[in-house]
Amino acid sequence: MNLSSLTQRLHQLSSVFREALFPSDLGNEDPAYLEWQQGFMRRRLSLSLRIGILAYLTFILLRVLLVLVNRSTVPPSWFAMAGASLLGLVLCLILHRSKIGRRYPALIFLGCSWSITLIEQIWATLRGVAFPGVFAWTLVFLVQATLLPVRWPLHLVAQVGLLGYYLIVNSLLGLNEAAGSRWDATLWLYLLWFCGICNLSVFLYEQLQRAEFRARRALEAEQEKSERLLLNILPESVARQLKQDQRTIAEHFPEVTVLFADIVGFTELSAGVPPEEMVRLLNQVFSKFDLLAEQHGLEKIKTIGDSYMVVGGLPVERADHLEAIANMALDMQRAIAQFKTPNNTPFNMRIGINTGPVVAGVIGVKKFIYDLWGDTVNTASRMESQGLPGMIQVTEAVYVRLCDRYEFKERGTIYVKGKGQMKTYLLLRHAD
């Protein structure tokens with residue numbers, strides 16, 4: 001193996017270790033998945049540390065009982081080793097709750113693993129023997145793979161670190177096992193397969209976790225998209241009721257204000273203009289109206305052709321619904337003046353306003369919309385259809401409520417279909 005190949009292998013090994021300890025440094029993963037993975041590791045580490053502490057307490061209690069029965073059964077140094085391991089787990093639990101533990105749970109993982117396995121090996125070294133703690137090793141590796149099935153390279157680091165200590169230190173010191181050689185083929189083949197299966201299990205489970213996370217994210221994105229679409233059609237409170245499977249939604253509101261607006265002579269204006277261009281321009285106009293409705297806290301109900309309907313005071317009741325609609329109407333007049341047809345013909349609008357009680361709700365099961373019913377709605381529509389181009393026509397009820405804050409011009413009595421003779425007014429501006 002030449003120097004270049006060796007350098008490449010070392011670089012690959014370094015990348016594996018870096019991915020295990022600091023995966024965010026490599027930038028290969030979705031940040032949202034890494035954040036979820038960090039949270040998952042922290043929760044499982046907390047559980048693993050508590051289980052490890054409890055397990056060591058049970059082993060210590062067992063050895064204490066054995067000593068009470070036969071004092072020569074357990075060497076005193078074992079209790080020092082067990083106490084050191086227990087202290088290591090407790091320190092890991094404390095660090096786990098610290099800023100370092102929250103940022104680098106991988107370090108806590110290694111500390112937890114080596115507090116059990118590596119301290120036992122150091123204890124054996126101090127006693128002058130090479131002790132492969134197969135029971136402790138396999139138990140720790142199995143618990144790690146079961147409770148923390150993420151970052152398979154991290155599991156590999158924990159295993160390689162332990163085996164590296166065992167082989168290097170014992171070889172340098174020339175230590176042999178208390179019984180048999182440390183190079184027993186059956187033992188190492190067993191450990192090889194055991195570690196390989198644990199790491200493969202973690203790898204496969206992590207692939208499943210990653211796929212499930214992406215699928216869940218995609219589903220949440222689709223649900224959020226559907227939620228936005230629903231809220232574009234229905235008010236939030238109504239959408240919430242509809243999602244609760246309330247098929248017929250109807251509610252009475254004692255006082256709201258309804259506005260209808262219509263582009264004067266839209267059919268004539270669109271003559272000779274490509275339909276796509278006219279629809280695009282109409283979309284720009286109504287999009288501007290949508291923004292105004294949102295600014296004034298009003299509820300857009302619908303558009304019908306070149307007509308626009310908006311209401312104030314529902315589905316959430318508010319005391320200033322009439323003023324909000326009046327301000328909306330004045331802003332709509334200023335907004336429409338900014339638009340012209342491709343033939344350079346300016347747009348003009350009729351606007352009608354009325355206030356009073358309505359019934360609002362959703363009916364049907366397909367292509368449903370939130371709509372209003374009642375005489376208040378019909379009268380507001382008549383105020384628009386029988387209004388004057390470029391003017392805002394309102395009923396006497398609106399005038400009485402706003403005459404001290406807005407300027408009006410009396411239009412007089414007009415015949416309104418379905419209502420007979422009605423006195424109407426033209427809203428001009430906000431009073432200074």
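Our subject is the structure listed above.
Report follows, based on the coordinates. Since the model is a prediction, treat every value here as computed from it, not as a measurement. Think of each chain on its own: its residues are numbered from 1, step by step along the sequence as written. At least 70 in pLDDT is required for a residue's local features to be given in this predicted model, at least 80 for side-chain atom pairs to be given and counted, and no such filter applies to totals for whole chains, interfaces and linings, which use all residues. The side-chain values count all of the structure's non-hydrogen atoms but skip hydrogen atoms and water molecules.

1. Things to note about the packing of aromatic side chains
Aromatic rings from Phe, Tyr and Trp, with only the six-membered ring used for Trp, were paired whenever their centres fell within 6.5 Å, and each pair was classed as stacked if the ring planes differed by under 30 degrees, edge-to-face if by over 60, and tilted otherwise. Enumeration according to the criterion identifies 14 aromatic pairs in this entry. Ring geometry for Trp-78 and Phe-79: centres 5.4 Å apart, planes at 90°, overall edge-to-face. The buried label applies to any residue whose accessible area, calculated with a 1.4 Å probe on protein chains only, is under 20% of its type's maximum; exposed applies above 50%, and partly exposed to all values in between. On the accessibility criterion, Trp-78 (8% relative accessible area) is buried. The exposure class assigned to Phe-79 is partly exposed, which follows from its relative accessible area of 27%. Feature note: the residues Tyr-33, Trp-36, Phe-40 and Phe-213 constitute an aromatic cluster, connected by ring pairs. Directly above the ring of Trp-78 sits Arg-63, whose terminal nitrogen or CZ lies 4.3 Å from the centroid. Whether a charge sits over a ring depends on NZ of Lys or CZ of Arg being within 6 Å of the ring centre and within 35 degrees of the ring normal. The ring of Trp-123 is capped by Arg-127, whose NZ or CZ atom sits 4.4 Å from the centre of that ring.

2. Section: the pairing of strand E6 (residues 392–395)
What you see with E6 is no split at all: Ile-392 and Val-394 on one side and Gln-393 and Thr-395 on the other are buried throughout. With three bridges connecting them, strand E4 (residues 349–362) and E6 associate as parallel partners. Looking at E6, one finds that Ile-353 is bridged to Val-394. At least two DSSP bridges between two strands are required for those strands to pair. Helix and strand definitions here come from DSSP, where helices need a minimum of 4 consecutive H or I residues and strands a minimum of 2 consecutive E residues; each element is numbered from the N-terminal end. Here E6 runs beside strand E8 (residues 420–430); their pairing, made up of four bridges, is antiparallel. If you follow Thr-395 over to E8, its bridge partner there is Thr-424.

3. Observations concerning helix H11 (residues 275–295)
In a regular helix each residue adds 1.5 Å, so 21 residues correspond to 30 Å; H11 covers 30 Å between its end C-alpha atoms and thus fits that length. Within the sequence span of H11, burial applies to Met-278, Leu-281, Leu-282, Val-285, Phe-286, Phe-289, Leu-292 and Ala-293. For H11, the arc enclosing every buried residue in end-on projection is 130°, short of the 170-degree limit, so these residues lie on one face. Of the residues in H11, the exposed ones pointing more than 90 degrees away from the buried face are Glu-276, Val-279, Glu-294 and Gln-295. Looking at the packing, one finds that the buried side of H11 touches strand E1 (249–263), helix H10 (266–269), strand E2 (299–304), strand E3 (307–312), helix H12 (321–336) and E4. A positive backbone phi angle near 70° is found at Gly-297, which sits one or two residues after H11. Here a helix's expected span is defined as the number of its residues, less one, multiplied by 1.5 Å. The directions considered for the arc run from the helix axis to the C-beta atoms. The criterion used for residue contact is that any of the two residues' heavy atoms lie within 4.5 Å.

Treat this as a map of the structure, not an account of what it does.
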